[in-house]
Amino acid sequence: MDAVTRSGESTGVEKGWSPRLILSLVSMVLLLEMLAVSYSMVSMAIADISAHFHTTQGAWLMTSMLLVGAVTGPLAGKLADMYGKRKLLLGCAAVAAVGALLSAVASSYAVLIVGRSLTGLLIPCVFLSYSLIRDIFPRKTVALAVSVATSGMGLVAIPAPFLTGWFLDNYGWRSIFWFFAIGLVVFGAMIFVSTEESAVRLRSKVDVLGAVLLGAGIAGVLVALSFGPTWGWQNGSTLAYLFGGSVLMVAWLVSAGFVSAPLIDLAVLRRRPVWLTALVSGLCYACSALFAMLLPMLAMTPAVMGLGYGFGISAKGFAIFQSPMAAMTMVGGVIVGALVGRGIRPRPLLAGGMALISAAFVLCGQMHDNKALLMAFAGLCGTGMGLAMSAVPNLLIEAVPPQLQASTASIVAVSQSVVASILPVIVFTVLNNSYIAPFPMEMTHGHTFYTDNGFRIAFLMGAVAAGVAALFALLLPRKIEQVRVPRTQVAGDDDQQAAVAFAH
């Protein structure tokens, strides 16, 4: 394993919360909010953007960002461990700001996609933020700060539909990207002035071959999963991307066993607390993505269709369902931070969170014809999401030392992207094959509606996935022994101190 050069303690003088630390946390939360709101705001603007550029490839506005974020994550994590997490966090934010600016002034759809792709560097900012918090915040504040940073994402999604509508109606679609560019510059500057650099360093080399193989493999799999429903699962392009991506990821695993300093240490990845955390985290984000797809379909379907569900609300009106989910996600995160800070292990909180998500899916599947109940179920799902999403980084803090935090967290982020792409594809494949409502196309104007029983099946599938994740969470060790960096690979008195893992 690689050697380390600094210790994993906070270098600040604070022993608890201070105005500077609060500003630092708020700055990182606001930066991550730009990622969360990016999906909803751009999705609402896709129709206007497609009409402006006369393109039918609007899906690339979402896929390109996801691809770049997932592909660059492992390399960003390794570089952060080697050169400093704050440097990489600010670097990713700066590139994302350039991408937003490029999108705002784009003269062609190709340029817009390039800009949107660069904005994908916001995705690694999630694990870079909580990895940095772990290093520089006073120990007793870490659990709460990490939980707030991860669960606070999405609060801006409540006013996002209204803000997006105002932008589109008054200033056009380009104003959305100007909003991103300005926001990223401001929040990046706030982080720059309020947040110190981590003293933790990993002595290693950049595994260029591993970065290329893993990045290309992830890209191939995600392209297949993203466009498979459109191209067809037996289409040659879909199969080529899926097979090629899988082969490249296997090639990365093989190469990582031979190079002296792999992109991700496989010995760490094989540890039960790490791979189980990655798997459960992926299922958590997958269930979250599925719920975020199914709920608006239920609420926005016109009641006059007579399908047994639907309220015919607008995209802006859907905010009444988003509000309890976003608010309770934050509440769940605060609960995790408070309990972990008092010595409660993240393991039961992760299992409990996934159990709540499973319950919310079951309830939505059985009772989805009442607005108040659906809002309550959305809040229940949000609570589970807050518990689970906040437990994940706290589990990683238990399992790996700070010198390996960012690179290990990057693989968890890859799991979140890939698994979150797989579950909705499976569910909607089932829906499209067996549960499409028998309406003529001229009546639906090209929109697809599903039967009431179809939604029951879809929510049941989500419940099963969340339930399985809860069981996997219970398989995590009750007491996690943290990875140790061998003293024999460390030289010097200061480095000897660094060999002692961060005892959290």
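Residues numbered from 1 in each chain as written. Predicted model: local features only at pLDDT ≥ 70, side-chain atom pairs only at ≥ 80, totals over all residues. Heavy atoms only, no water.

Section: the overall build of the protein
Part 1 of the reasoning: For the protein, the count of helices and strands is 19 helices and two strands.
Part 2 of the reasoning: Along the first, second and third principal axes, the C-alpha atoms of the protein reach 75 × 50 × 45 Å.
Part 3 of the reasoning: Within the protein, contacts between residues at least 6 apart in sequence are counted, and of these 81% link residues at least 24 apart.
Part 4 of the reasoning: Between the mean site of the 28 positive side-chain charges and the mean site of the 20 negative ones, the protein shows a separation of 5 Å. (Helix = DSSP H or I, 4+ residues; strand = E, 2+ residues; numbered from the N terminus. Contact = heavy atoms within 4.5 Å. Lys, Arg positive; Asp, Glu negative; His and termini not counted. Charge placed at Lys NZ, Arg CZ, Asp CG, Glu CD.)

Describing unusual backbone geometry
Part 1 of the reasoning: Positive phi outside glycine occurs at His 54, with the angle close to 55 degrees.
Part 2 of the reasoning: Its location among the elements puts His 54 in the loop between helix H1 (19-53) and helix H2 (60-83).
Part 3 of the reasoning: Among the residues examined, His 54 registers a relative accessible area of 75% and is labelled exposed. (Buried < 20%, exposed > 50% of the residue type's maximum accessible area, 1.4 Å probe, protein only.)

As for the pattern of salt bridges
Part 1 of the reasoning: Tallying each qualifying case throughout the model produces six salt bridges.
Part 2 of the reasoning: One salt bridge connects Glu 196 with Arg 20, and the closest N-O pair in it is separated by 3.6 Å. Here Glu 196 is found in the loop between helix H8 (174-194) and strand S2 (202-203), whereas its partner Arg 20 is found in helix H1, with 176 residues between them in sequence.
Part 3 of the reasoning: On the basis of relative accessible area, Arg 20 is assigned to the partly exposed category, the value being 25%.
Part 4 of the reasoning: A salt bridge links Arg 456 to Asp 452, with the nearest nitrogen and oxygen atoms 3.2 Å apart. Of this pair, Arg 456 and Asp 452 are both found in helix H18 (residues 452-474), four residues apart, which corresponds to roughly one turn of the helix.
Part 5 of the reasoning: Judged by relative accessible area, which is 29%, Arg 456 ranks as partly exposed.
Part 6 of the reasoning: Residue class for Asp 452 comes out buried when judged on its relative accessible area of 18%.
Part 7 of the reasoning: Each of Asp 81, Lys 85 and Asp 135 takes part in a single network of salt bridges with overlapping partners. (Salt bridge = Lys/Arg side-chain N within 4 Å of Asp/Glu carboxyl O.)

Focus on the packing of aromatic side chains
Part 1 of the reasoning: Enumeration according to the criterion identifies 19 aromatic pairs in this entry.
Part 2 of the reasoning: With a centroid separation of 5.5 Å and an interplanar angle of 50 degrees, the aromatic rings of Phe 167 and Phe 179 are classed as tilted. Separated by twelve residues along the polypeptide, Phe 167 in helix H7 (residues 160-170) and Phe 179 in helix H8 bring together distant segments of the chain.
Part 3 of the reasoning: Residue Phe 179 is classed as partly exposed on the basis of its relative accessible area, which comes to 26%.
Part 4 of the reasoning: Seen in terms of ring centroids, Tyr 450 and Phe 455 are 6.4 Å apart; in terms of plane orientation they differ by 80 degrees. Their pairing is edge-to-face.
Part 5 of the reasoning: Taken together, the ring pairs connect Phe 53, Tyr 109, Trp 166, Phe 167, Tyr 171, Trp 173, Phe 177, Phe 179 and Phe 180 into an aromatic cluster. (Phe/Tyr/Trp six-rings, centres within 6.5 Å; stacked < 30°, edge-to-face > 60°.)

Re the packing of helix H3 (residues 85-104) against H8
To describe two helices that pack against each other, one gives the angle between their axes and the distance between the axes.
Part 1 of the reasoning: Here H3 crosses H8 at 160 degrees, and the two axes come no closer than 8 Å. One element, H3, and the other, H8, form an angle in the roughly antiparallel class. The two elements H3 and H8 cross, and the hand of that crossing is left-handed. Facing H3, whose interface residues are Arg 86, Leu 89, Leu 90, Ala 93, Ala 96, Ala 97, Ala 100, Leu 101, Ser 103 and Ala 104, H8 presents Arg 174, Phe 177, Trp 178, Phe 180, Ala 181, Leu 184, Val 185, Gly 188, Ile 191 and Phe 192.
Part 2 of the reasoning: A per-class count over the contact of H3 with H8 returns 16 nonpolar, two polar and two charged. (Axes fitted to C-alpha atoms, helices over the stretch in contact; angles between N-to-C directions. Parallel < 35°, antiparallel > 145°, perpendicular 65-115°, else oblique. Left-handed = near helix turned anticlockwise from the far one by under 90°. Nonpolar A, V, L, I, M, F, W, Y, C, P; charged D, E, K, R; others polar.)

Quick look at helix H4 (residues 109-119)
Part 1 of the reasoning: When H4 is considered as a whole, its buried residues turn out to be Tyr 109, Leu 112, Ile 113, Gly 115, Arg 116, Ser 117 and Thr 119.
Part 2 of the reasoning: Where H4 is buried, its residues touch H1, H2, H3 and H8.

Some remarks on the environment of Ala 219
Part 1 of the reasoning: Tracing the backbone shows Ala 219 in helix H9 (residues 208-231).
Part 2 of the reasoning: Along the chain, Ala 219 and Leu 67 lie 152 residues apart, while their C-alpha atoms are 5.9 Å from each other.
Part 3 of the reasoning: Not counting the four nearest positions on each side in its chain, Ala 219 is found in contact with Leu 67 and Val 71.

Comments concerning the confidence of the model for the protein
Atom-level detail of predicted coordinates should not be read off regions where pLDDT is low.
Part 1 of the reasoning: Of all residues in the protein, 90% attain a pLDDT of 70 or more, and the chain-wide mean is 85.
Part 2 of the reasoning: Note on residues 1-12: pLDDT is under 50 here. Beyond four places in sequence and across chains, it has 60 contacts.
Part 3 of the reasoning: This stretch, residues 488-504, has a pLDDT under 50; its non-local contacts, to residues over four places away or in other chains, come to 36 contacts. (pLDDT = per-residue confidence, 0-100.)

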